[in-house]
Amino acid sequence: MAWGWSSSQPAAELVAVPASAPVPKPAPIGADGKPKKMCCACPETKRARDECFVARGELGCLEAIEAH
């Protein structure tokens, strides 16, 4: 038995990324001039999102999740 790939096996599929894919925004800059860590960038919206998530679950908080 020979080892290796057989011509009967399918090739790996490539997935195209649309040119309109969103580009990540740079992290906000803190008072010290350094980029803020993601966990510290938006404490108000994070708190609202987390409280909503606990009370209503993910599907009930889509607006809060999107805002954060």
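Residues numbered from 1 in each chain as written. Predicted model: local features only at pLDDT ≥ 70, side-chain atom pairs only at ≥ 80, totals over all residues. Heavy atoms only, no water.

Trainee: Lay out the overall build of the protein chain in plain terms, naming residues and giving numbers.
Mentor: Looking only at helices and strands, one finds 2 helices and 0 strands in the protein chain. Across the 68 residues of the protein chain, 6% fall into the buried class. Accessible area of the protein chain: about 6700 Å², with a carbon and sulfur share of 62%. (Helix = DSSP H or I, 4+ residues; strand = E, 2+ residues; numbered from the N terminus. Buried < 20%, exposed > 50% of the residue type's maximum accessible area, 1.4 Å probe, protein only. Areas by Shrake-Rupley, 256 points an atom, 1.4 Å probe, with all protein chains shown as cover.)

Trainee: So what's going on with the state of the cysteines? Residues and values would help.
Mentor: Following the criterion strictly, the structure yields 1 disulfide and no others. Note on cysteine connectivity: cysteine 52 is disulfide-linked to cysteine 61, with sulfurs 2.0 Å apart. Measuring the twist about the S-S bond at about -95 degrees, one finds the cysteine 52-cysteine 61 disulfide to be left-handed. Side by side, cysteine 52 and cysteine 61 carry an identical accessibility label, which is buried. (Disulfide = S-S within 2.5 Å.)

Trainee: Account for a nonpolar patch on the surface, with residues named and values stated.
Mentor: Residues Phe53, Leu59, Leu62 and Ile65 make up a contiguous nonpolar surface patch of about 420 Å² in total accessible area. Tracing the chain through its elements places leucine 62 in helix α2 (residues 62-67). (Patch = residues over 30% accessible without salt bridge, like charges linked within 9 Å, V, L, I, M, F, W, Y side chains within 5 Å. Salt bridge = Lys/Arg side-chain N within 4 Å of Asp/Glu carboxyl O.)

Trainee: Go over the pattern of salt bridges, please, and point to the residues and values.
Mentor: Enumeration over the complete set of coordinates arrives at 2 salt bridges. For arginine 49, the salt bridge goes to aspartate 50, with nearest N and O atoms at 2.7 Å.

Trainee: With reference to specific residues and values, describe the environment of cysteine 52.
Mentor: One can find cysteine 52 in helix α1 (residues 43-56). Ignoring anything within four residues of it in the chain, the contact list for cysteine 52 reads Gly57, Gly60, Cys61 and Ala64. (Contact = heavy atoms within 4.5 Å.)

Trainee: Before we move on, could you go through the environment of threonine 45 and cite the residues and values that matter?
Mentor: Here threonine 45 is to be found in helix α1. The spacing of threonine 45 and alanine 67 is 22 residues in sequence and 6.7 Å in space, taken between C-alpha atoms.

Trainee: Give a description of α1 that names residues and reports values.
Mentor: Spacing of three or four residues puts side chains on the same side of an α-helix, whose turn is 3.6 residues. Here α1 is 14 residues long and its end C-alpha atoms lie 20 Å apart, about the 20 Å a rise of 1.5 Å per residue gives. Following α1 by one or two positions, glycine 57 adopts a phi angle in the positive range, close to 85 degrees. (Expected span 1.5 Å × (residues − 1).)

Nothing here speaks to function; it is all geometry.
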